[in-house]
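# Architecture and fold: a report
Chain by chain, the residues run as shown.
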Amino acid sequence: MTVLVIGGTGTTGSRVAHRLGAEARIASRRTGFDWYRPETYAPVLDGTRAVYLIPPVGEIDPAPHVERFLDVSGDRRVVLLSSSAVQDDPNARLVRQLPEWTVLRPSWFMQNFVDDTHPVATGVRAGEIVTATGDGRVAFVDADDIAAVAVAALTGDPHNTEHVITGPEALSYADAAAIITGHTGVPVRHRAVSAAEMAERFAGVVPAEFAVMLAALDEAIAGGAEDRVTSTVEDVTGRSPRSFGAFVAAHRDRW
């Protein structure tokens, strides 16, 4: 019943692995798996029946790596982590060719507000979240809820569908900042900038091409691309997704 969890030490993968317990086999460079070394694929797949697949992070076009991996994984069930921001994901097209598959398309993670490496969390600690999202709204989702949906897709009947996964309410970053301030007493505000300025800010920490792509995602939020709420978490798990207010209350000490 072993499930291979790629990215098993990351935000969603670690939570998937925790829920699976002894059934999880974590794939990482520490365990001998490397996206850029195809000879490492077969050993980590041996004895597994399903895969939680997170494509290589930071790649503009990870599909060639994913395709090589799927050639080796054969007909194993695959649950792919994609994104609600990607409408036509080449990785999803590959996975949909399998007999048993699920594509997860979560909204933006609530964990971005507490992850020490994420610019949103850095902004919260500095008292100012800077984005190019304007007044656009996002139904931020807790990674624990994503993991719950993923485990249901990995262990239950085949889903063979795409799940857009959101939290229970759509919020602007100004709304989110106000909620954080209300729970912590620490003043936090949102400052909207242009997509070009945001790309310049991102370029300080990621390659220029990737920075432009990230800024474009902010611009899409400003245009309403993420202003939606789905019932996926409740439909799949039988419980309501965590609200942003509840998440902030549980993590107030992080700030």
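Use the structure listed above.
Being a predicted model, the structure only gives us computed values, none of them experimental. (Residues numbered from 1 in each chain as written. Predicted model: local features only at pLDDT ≥ 70, side-chain atom pairs only at ≥ 80, totals over all residues. Heavy atoms only, no water.)

## A closer look at the nonpolar core
Across soluble globular proteins, you tend to see nonpolar side chains buried next to one another. Residues Ile6, Leu53, Phe69 and Leu70 are the most contacted members of the largest nonpolar core, which totals 22 residues. Listed by contribution, the elements that provide at least two residues to this core are β1 (2-6), α2 (41-45), β3 (48-53), α3 (63-73), β4 (77-81), α4 (90-95) and β5 (101-106). With 4 residues, the single largest contributor to this core is α3. Residues in contact with Leu70, not counting those within four places in the same chain, are Leu53, Val78, Leu94, Val95 and Leu98. Of all hydrophobic cores here, the second largest spans 21 residues; its members include Val5, Val16, Leu81 and Ala150. (Core = buried A, V, L, I, M, F, W, Y, C linked by side-chain atoms within 4.5 Å. Buried < 20%, exposed > 50% of the residue type's maximum accessible area, 1.4 Å probe, protein only. Helix = DSSP H or I, 4+ residues; strand = E, 2+ residues; numbered from the N terminus. Contact = heavy atoms within 4.5 Å.)

## Focus: the packing of aromatic side chains
Between two aromatic rings, the relevant description is the distance of the centres plus the angle of the planes. All told, the structure shown has 12 aromatic pairs when counted by the stated rule. Put simply, the rings of Phe113, Phe140, Tyr173, Phe244 and Phe247 pair up and form one aromatic cluster. (Phe/Tyr/Trp six-rings, centres within 6.5 Å; stacked < 30°, edge-to-face > 60°.)

## Section: helix α1 (residues 13-20)
Of the positions making up α1, those classed as buried are Gly13, Val16, Ala17 and Leu20. Each buried residue of α1 sits inside an arc of 100° when the element is viewed along its axis, so together they form one side. Elements in contact with the buried residues of α1: β1, β2 (24-27), β3 and α6 (143-155). Just past α1, the residue Gly21 takes up positive phi, approximately 65°. (Arc of directions from axis to C-beta.)

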